[in-house]
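Working through the structure, step by step
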Amino acid sequence: MGHGHHHHHIDADTGDRRVGFAIAVNFLLTAAQIVGGLISGSLALIADALHNLSDAMSLVIAFAARRIARRGADDTMTFGYGRIEVVAALINYTTLILLGLYLGYEAVLRFLDPQPVDGWLVVIIAGLALVVDLTTAALTWALSKQSVNIRAAFLHNLADALGSVAVIVAGTLIIFYDWRLIDPAITLLIAGYILYMSFTEIGGVIRILMLGTPPGLDPEQVMSAVETVPGVAEVHHVHLWQMGEHRHSFDAHLRIAEGQWANADAVKAQVKALLADRFGVTHSTLEMECARHGCTDARRVGHETAMG
């Protein structure tokens, strides 16, 4: 997942229209592929159709999450609703993993009992699917740079485009050589790619939901930098996490140096500025402690007890 801080942002309404159009096209394509797969007898085409259906559903979830994420903080969600996009990404990747396992299972059964396949019908429908997949990917590509949620949907479509190419190859081999085993072989390839892609991406999503340290940020480096601020004697009980894909947060106790308590507010302001400028931490909560009455034997990272 990309975590840069500079992105070319697309207008929200324009983004919504793109996602809405992509949803409609993918549902229509899914219906055509399922019918075509059943008529032609191609498991690979049905595999591509199911993947396309997951594309459409992922876009529906992504669309809903985009709308919900814009709501401000309230009494129920004091941090706001931005994390719904991360939850949506988790749902999408989990669905893809289940889909990949199911397709792999069906492909193995087809290897044991090869079925006749109408190659021409497979090629025609897979060709149509490829056009739709590439169109949808183009619609969501720019948006995917801004959101882990849309990125999950975009990767669905990219994988589907590759799947459509593979199905076209399979259909062509069936037309010329009646090679029935190519159909489950291509299905296994699609399933394998879906699983590889999903397991690669889902880790970053889980990391955010588990309040993990932002990738690329070393907590010890951040703490050492904070301790270089004049007036800071020591930092402890540190928590460094991601509120969202592009929003980093820092929570800590600062022990103010002996004789510097009168400057505590200025020290806090300096620390917040350092965190924002050098590490991109946009939300920080700092508890100030005087030199004589601070925590004793405190953990440098985290607290003594797990969060309840």
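Now for a look at the structure at hand.

So, how was this worked out
- Residues numbered from 1 in each chain as written.
- Predicted model: local features only at pLDDT ≥ 70, side-chain atom pairs only at ≥ 80, totals over all residues.
- Heavy atoms only, no water.
- Helix = DSSP H or I, 4+ residues; strand = E, 2+ residues; numbered from the N terminus.
- Buried < 20%, exposed > 50% of the residue type's maximum accessible area, 1.4 Å probe, protein only.
- Areas by Shrake-Rupley, 256 points an atom, 1.4 Å probe, with all protein chains shown as cover.
- Lys, Arg positive; Asp, Glu negative; His and termini not counted.
- Charge placed at Lys NZ, Arg CZ, Asp CG, Glu CD.
- Core = buried A, V, L, I, M, F, W, Y, C linked by side-chain atoms within 4.5 Å.
- Contact = heavy atoms within 4.5 Å.
- Pairing = 2+ DSSP bridges.
- Axes fitted to C-alpha atoms, helices over the stretch in contact; angles between N-to-C directions.
- Right-handed = clockwise from strand over helix to strand, strands pointing away.

Some details on the overall build of the protein chain
Assigned secondary structure in the protein chain consists of eight helices and three strands. For the protein chain, the succession of helices and strands along the chain, N to C, is α-α-α-α-α-α-α-β-β-α-β. With respect to the principal axes defined by its C-alpha atoms, the protein chain has extents near 85 × 40 × 30 Å. Going through the 308 residues of the protein chain one by one, you find that 45% of them count as buried. Here the protein chain displays about 15000 Å² of accessible surface, and carbon together with sulfur accounts for 64% of that area. One finds the centroid of the 20 positive side-chain charges in the protein chain at a distance of 5 Å from the centroid of its 29 negative side-chain charges.

Some thoughts on the nonpolar core
One recurring pattern in soluble globular proteins: nonpolar side chains tend to sit buried together. Formed by 33 residues in total, the largest nonpolar core has its most connected members in Leu45, Tyr93, Leu96, Leu103, Val167 and Ile186. Among the secondary structure elements, those contributing two or more residues to this core are helix H2 (43–69), helix H3 (84–112), helix H4 (119–144), helix H5 (148–177) and helix H6 (182–209). It is H6 that provides the largest number of residues to this core, a total of 10 residues. Once residues lying within four places of it in the same chain are set aside, the contact partners of Val167 are Ala44, Leu45, Asp48, Val122, Ala126, Ile186 and Ile190. Counting 23 residues, the second-largest nonpolar core is a separate cluster that includes Ala225, Ala252, Ala264 and Leu274.

Re the sheet that holds strand S3 (residues 281–289)
Taken together, the three strands give an open sheet; going across it, the order is S1-S2-S3, and neighbouring strands pair in mixed fashion. Edge positions in the sheet fall to strand S1 (232–244) and S3, since each has one partner strand and no second. Sheet twist, expressed as the average angle between the axes of neighbouring strands with direction ignored, equals 15°. Note: strand S2 (residues 247–256) against S3, eight bridges, orientation parallel. The residue bridging His248 from the neighbouring strand is Val281, located in S3. Sitting on the sheet, helix H7 (residues 219–226) is in contact with S1 and S2, with an inclination near 135° to S1.

So, the environment of Ala191
Considering the arrangement of structural elements, one finds Ala191 in helix H6. Sequence separation of Ala191 and Asp48 is 143 residues, and the distance between their C-alpha atoms is 9.6 Å. Sequence-distant contacts of Ala191, that is, excluding residues within four places in its chain, are made with Gly100, Leu103 and Gly104.

Focus: the pairing of S2
Burial within S2 is extensive, with seven of its 10 residues counted as buried. Two elements, S1 and S2, share nine bridges in a ladder whose sense is antiparallel. Bridge assignment links His236 to a residue of S2, and that residue is His253. Connecting S1 to the antiparallel partner S2 that follows it, the hairpin turn spans two residues. In this fold, the crossover linking S2 to S3 by way of helix H8 (residues 264–279) has right-handed handedness.

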